[in-house]
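Survey of secondary and tertiary structure
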Amino acid sequence: MAATIEAPEKLVGKPLRRREDPKLMTGDGNFLDDIRLPGMTYAAILRSPVAHAKIRGIDTSRAKAMPGVVGVFTGEDLADVNPLPCAWQAAGVDNNVATPRLLALGEVRQVGDPIAVVVAESVYQANDALEAIEIDFDELPAVVDSREAVQPGAPQLHENAPNNIVMHWTCGTDAETVDRALAEAEVRVSQSIFNQRLIPTAMEPRGSIGVYDPGTQEYTLWATSQAPHVHKLVVAAFVLGIPEQKIRVIAPDVGGGFGSKIFVYFDMPLMLWLAKQLGRPVKYFEDRTENYLHTTHGRDHHSDIEVGATADGRITALKVSTLANLGAYLSTVAPGIPTTLYGRMVAGCYKIPNIHVDVKGVYTNTAMVDAYRGAGRPEATFVIERACDLVADATGIDPAEVRRRNFIQPEDFPYDTGLGMLPYDSGDYAPALDKALQHAGYANLLEEQARRRADGSSKLLGIGLSSYVEVCGIAPSKWIGLSGEGWGAGLWESAEVRVYLTGKVSVTTGSLPHGQGHETTFAQLVSDQLGIPYEDIEIEHSDTKGTPFGFGSYGSRSLAVGGTAIYKSVEKVVEKAKLLAAHMLEAAPEDIVYENGKAWVKGSPDAVKTIQDIALQAHVAYDLPSGMEPGLEAVTYYDPPNCTFPFGTHVCVVEVDRDTGQVEIIRYVAVDDVGNVINPMIVDGQLHGGIAQGIAQALYEGAVYADNGELITATMNDYAIPKASMLPTYELDRTVTTTTVNPMGAKGAGEAGTIGSTPAVANAVVDALSHLGVRHLDMPYTPERVWRAMQSQEARA
Amino acid sequence: MATTMAAPGRVTVRMKVNGVEYAAEVEPRLLLVNFLRDNLGLTGTHIGCDTSQCGACVIHFNGEPVKSCTLLTVQADGADLTTIEGIAKNGEYDEVQMGFWEMHGLQCGYCTPGMIMTANAFLDRNPNPTEAEIRHALEGNLCRCTGYQNIVKAVQYAANQRGGGGAAPGPGTDLEFEHKDVIEHAPENLQDWGDQLAGQEEQ
């Protein structure tokens, strides 16, 4: 029928190289610190050198007289500006909320707390003047460990949070029932687990530029942001009290985020406030130590777990009690991470009849903890995947078999874990496990491990598995919003698709990239769906001016939620194009076929109207059907019915040097199922980077505070971001289980690698040492820690 | 712009950057990276750490890769510098830039200029590197997005294009971007997706 209609090459599923890249590989990118505006001034922040103190006095007089200084301000000057809000409080329980002010007022509670700001003609002059500010502190005792912070007599951070408790939240079956199931279990294991604190470390630190135009009374904020619309709303309505229509937020090229650029930080409203005070643009760009001290951290969970199972390895009960260190104040969405995104995901891929999760959020004199790549799901996966291996160890059943026996089965979906999460949409967990084991050569590896143990080889072999499931597209407004999980808004996403008179296309989206290649992926999608050449499609993002409100990029939601909004807008455009084509072809609308950018009457493919013909007609509007408005564009606000739940199995093979404790990953196999894939090259890149960050937690990274609250790992010299030589080659494969949650069948891939990888490495290292009696080790697996574990176990043996 | 006598507290420096001669009066303490970015507007050279770990600021100093955050501007007096802006010639990307593009060696792009500068100087010294040599050569450049695998491939690609060849790639490091499993599974078009989904719903 459509034999004469030439079908252009389809782009979905193809590894197109990215359209974002040329500017980034030639130095033509435009990151925040690259922006120079006429009359711009530069801010530097005086930060607390102590973890906890009353401020008795601040003397800025010498600083104000320094060369080039335009202004010096302290918390007193901002006393009538609201503190930053906490937009996601744990649902169903009281939250003892304490959030940071833009500059400290009377008390500091962490090293790095902003106390004063100097604005000067240059960054050098601003920093010179910081040295001239004198502060009289009355030091108070500090606490950095969540286990100590909740003890009676511990230093107290906030009057409204007795024992430093932010909130006490539970989910799952009641504790008594779970205790009973544990008591009745044939096998029972318990373990304390520390999921150490991490520092996100986007390669570009954070910053912001404030501009105020007295003529129009409009504010412009440039920010390193994963969510410019949200920042606009919060800064305008909740902090500064600016009418929302008078503020514009622009995220320029953003050099990585990993969650840390979701949140509203003090400098965003502060730069706008200063710009108005001083009548000049003001830029602040933190240095790396400021980033480490005061931009949000991730993880930091102390958990006690108890697991019960039958003798044949079926898990019958799981009880988890977690202290989540949230730092000195609540960051924007901090309480939601260890509750909704952690507690409700602790079941993992498994059918477990009795689970109880108990979470306490805790204030300490440390940096705020909020979402970091995976956000709650890596911690949940670590708990359940360590639990699987503990059960395997206790029952003598192979870890792969333990997982297989407990998997939720394909026919069980949609599956409700009983933990208050939305039902898992779709899944088929065993094929991913099988594929990973087969690719890794599991049986041979087990033989090799046995051989080395028998030989007394100096390189112990460890094989670690991690079967994970995670939740993406955390958006459904009714569920996530205030009346449900407690987020202050629904998390729908918007898209506008506009076909111009010339047939060229602009797409605006509330999703935005900070490395994920949205422009390429979205253009592939629109090109296929609309039949307009890829080159004719512009993906616009990251500027709130004149674009529909959107909630931004995090939680692996851009394609599943933002992409669906685009998809639905294109559908609306196609519908209108078909109506107009029917008019142009003098046919009934229901007889019009639209494919590959062409419309024709069913059965008459010789007379076609191209989308370009139709767009022209829609705009010149000489001859439109009765009642049709000119133009060819559509907006969608898409609120998905459910989240999506990608999954997979990772296999890590390590060698542990018997003499030095050095761990080396010799194979890393990941079989991930992220549903349908638009650009496999980009998806693989996301998985590579995610796996690297997960391995980094297991082997290298950890934020370390001294007891007095000083951050020991405050530079890249001390915090171990892995180098190229410290990471393995990733061997990736996929299974594809689509979802019906969105029309593309895509699940999300941004965090899966991080979530799956950490437990795989941990299980491999523990497995390598298991014959010595090691059942668990806390991360990171530094040579010293591993060596000590081997020594103590061998001594005990 | 150039004067023989600098203003009090300032020093006159002259240098060639990307083939252009510059002269300026600067404070003796001014870091070279700040001079390049703020005085010359060459903002492709980035700052990521302040402690000489991350390598986002790598440039070529008389042909050698250096971290420009670790040099004072006055130390570059008389030097011949190349920054990332000077790598593409007449609008043509060089082999390393093409390698990063073809092999998806960048995501956010913040570390990329420094990576490209380091890789370029490395391939000048070692045109036929092994994977281990590439990973070792990149130790002074941190990337948080890619997990390095595609950066290694990018350098291998560049070595091949330059005629060096490079060692045979190990598992997972084919120079053609290919993910067989995915290509087989990926639906041909959105229509197929729709059919797939409809099929599922019927089941």
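It should be emphasised that the depicted structure is a prediction, and the values quoted were computed from it without experimental measurement.

Cut-offs used in this document
- Residues numbered from 1 in each chain as written.
- Chains lettered and ligands numbered in written order.
- Predicted model: local features only at pLDDT ≥ 70, side-chain atom pairs only at ≥ 80, totals over all residues.
- Heavy atoms only, no water.
- Helix = DSSP H or I, 4+ residues; strand = E, 2+ residues; numbered from the N terminus.
- Contact = heavy atoms within 4.5 Å.
- Areas by Shrake-Rupley, 256 points an atom, 1.4 Å probe, with all protein chains shown as cover.
- Buried area = accessible area lost by both parts, 1.4 Å probe.
- Polar contact = N/O pair within 3.5 Å; in protein donor to acceptor, adjacent residues only side chain to side chain.
- Nonpolar A, V, L, I, M, F, W, Y, C, P; charged D, E, K, R; others polar.
- Expected span 1.5 Å × (residues − 1).
- Buried < 20%, exposed > 50% of the residue type's maximum accessible area, 1.4 Å probe, protein only.
- Salt bridge = Lys/Arg side-chain N within 4 Å of Asp/Glu carboxyl O.
- Axes fitted to C-alpha atoms, helices over the stretch in contact; angles between N-to-C directions.
- Left-handed = near helix turned anticlockwise from the far one by under 90°.
- Phe/Tyr/Trp six-rings, centres within 6.5 Å; stacked < 30°, edge-to-face > 60°.
- Lys NZ or Arg CZ within 6 Å of the ring centre and 35° of its normal.
- Domains from an automatic or database assignment.
- Core = buried A, V, L, I, M, F, W, Y, C linked by side-chain atoms within 4.5 Å.

When helices and strands are tallied, chain B shows seven helices and five strands. Taking contacts inside chain B between residues at least 6 apart in sequence as the whole, the part at least 24 apart equals 53%. Total accessible area on chain B is roughly 8600 Å²; 49% of this is exposed by carbon and sulfur atoms.

The interface of chain A with chain B comprises 78 residues on the first partner and 64 residues on the second. For the chain A and chain B pair, buried surface summed over both sides reaches about 6100 Å², with 58% attributable to carbon and sulfur atoms. It is M25, Y124 and M203 of chain A that lose the most area in chain A upon contact with chain B, and together they represent 14% of the buried surface on that side. Taken together, the connections running from chain A to chain B amount to 28 residue pairs in polar contact (both at pLDDT 80 or more). Considering every element that reaches the side of chain A that touches chain B, the biggest residue donor is helix α17 (residues 680-699) of chain A, with eleven residues. Classifying every residue of the side of chain A that touches chain B by side-chain character gives 35 nonpolar, 25 polar and 18 charged.

Moving on, we get to helix α5 (residues 149-162) of chain B. Here α5 of chain B contains 14 residues, and its C-alpha end-to-end distance of 20 Å stays within 8% of the 20 Å for a straight helix at 1.5 Å per residue. With eleven of 14 residues buried, α5 of chain B is to be regarded as a mostly interior element. Along α5 of chain B, the residues classified as buried are Q149, N150, I151, V152, K153, A154, V155, Q156, Y157, A158 and A159 of chain B. Those residues of α5 of chain B hidden inside the fold are in contact with α17 of chain A together with α2 (95-102), α3 (112-125) and α4 (131-137) of chain B. Of the residues trailing α5 of chain B, G163 of chain B is marked for its positive phi of about 95 degrees.

A separate point is the pattern of salt bridges. The tally for this structure, following the rule as stated, stands at 54 salt bridges over all chains. Between E701 of chain A and R144 of chain B there is a salt bridge, with its nearest N and O atoms 2.6 Å apart. Here E701 of chain A is found in the loop between α17 and β26 (731-734), whereas its partner R144 of chain B is found in the loop between α4 and α5 on a different chain. Taken as a pair, E701 of chain A and R144 of chain B share a single burial class, namely buried. Within the structure, one salt-bridge network assembled from shared partners comprises E448, R451, R452, D455 and E655 of chain A.

Residues and elements named next belong to chain A. Interhelical geometry of helix α9 (residues 377-395) versus helix α18 (residues 752-769) gives an angle of 30 degrees and a closest axis separation of 8 Å. Once α9 is placed against α18, the crossing between them reads as right-handed. In contact with R377, P378, T381, F382, E385, R386 and D389 of α9, α18 contributes I755, T758, P759, A762, N763 and V766.

Moving on to α9 of chain A. Residue and element names in this part refer to chain A. Helix length check: α9 (19 residues) gives 27 Å between terminal C-alpha atoms against 27 Å at 1.5 Å per residue, within 8%. With respect to burial, α9 is a largely interior element, 17 of its 19 residues being buried. Downstream of α9 by a residue or two, G396 has a phi angle that is positive, lying close to 75 degrees.

A separate point is the packing of aromatic side chains. What characterises a pair of aromatic rings is the spacing of the ring centres plus the angle enclosed by the ring planes. As enumerated under the stated definition, the model contains 19 aromatic pairs over all chains in all. Taking 4.6 Å as the distance between ring centres and 20 degrees as the angle between the ring planes, the aromatic pair formed by W88 of chain A and W487 of chain A counts as stacked. Remark: W487 of chain A occurs in the loop between α13 (477-480) and β17 (493-499) and W88 of chain A occurs in the loop between β3 (69-74) and β4 (107-108); sequence separation between them is 399 residues. When sorted by exposure, W88 of chain A lands in the same class as W487 of chain A, which is buried. Measuring from ring centre to ring centre gives 5.0 Å for W492 of chain A and F551 of chain A, while their planes differ by 90 degrees; the resulting arrangement is edge-to-face. Taken together, the residues W492 of chain A in the loop between α13 and β17 and F551 of chain A in the loop between β19 (537-540) and α15 (558-584) connect sequence positions 59 residues apart. Counting every residue linked through ring pairs, the aromatic cluster contains Y350, F407, F413, Y429 and F647 of chain A. The side chain of R17 of chain A reaches across the aromatic face of W101 of chain B, ending 3.6 Å from its centre.

Right, let's get into the domain arrangement of chain B. All names here are of chain B. Examined at the domain level, chain B breaks down into domain 1 (11-86) and domain 2 (95-180). Tallying the contact residues gives 16 residues for domain 1 and 14 residues for domain 2. One can count zero salt bridges joining domain 1 with domain 2. Joining domain 1 to domain 2, the criterion identifies seven residue pairs in polar contact (both at pLDDT 80 or more).

For the rest of this paragraph, the subject is the nonpolar core. The biggest cluster of nonpolar side chains holds 283 residues, and the ones touching the most others in it are L270, Y424, L530 and Y781 of chain A. Ranked by residues supplied to this core, first place goes to α15 of chain A with 13 residues. Here L530 of chain A is in contact with V499, V505, V570, V573, V574, Y594, G597 and I611 of chain A, once residues within four sequence places are set aside. By size, the runner-up hydrophobic cluster in this structure holds 19 residues, among which are Y124 of chain A together with M15, A76 and A79 of chain B.

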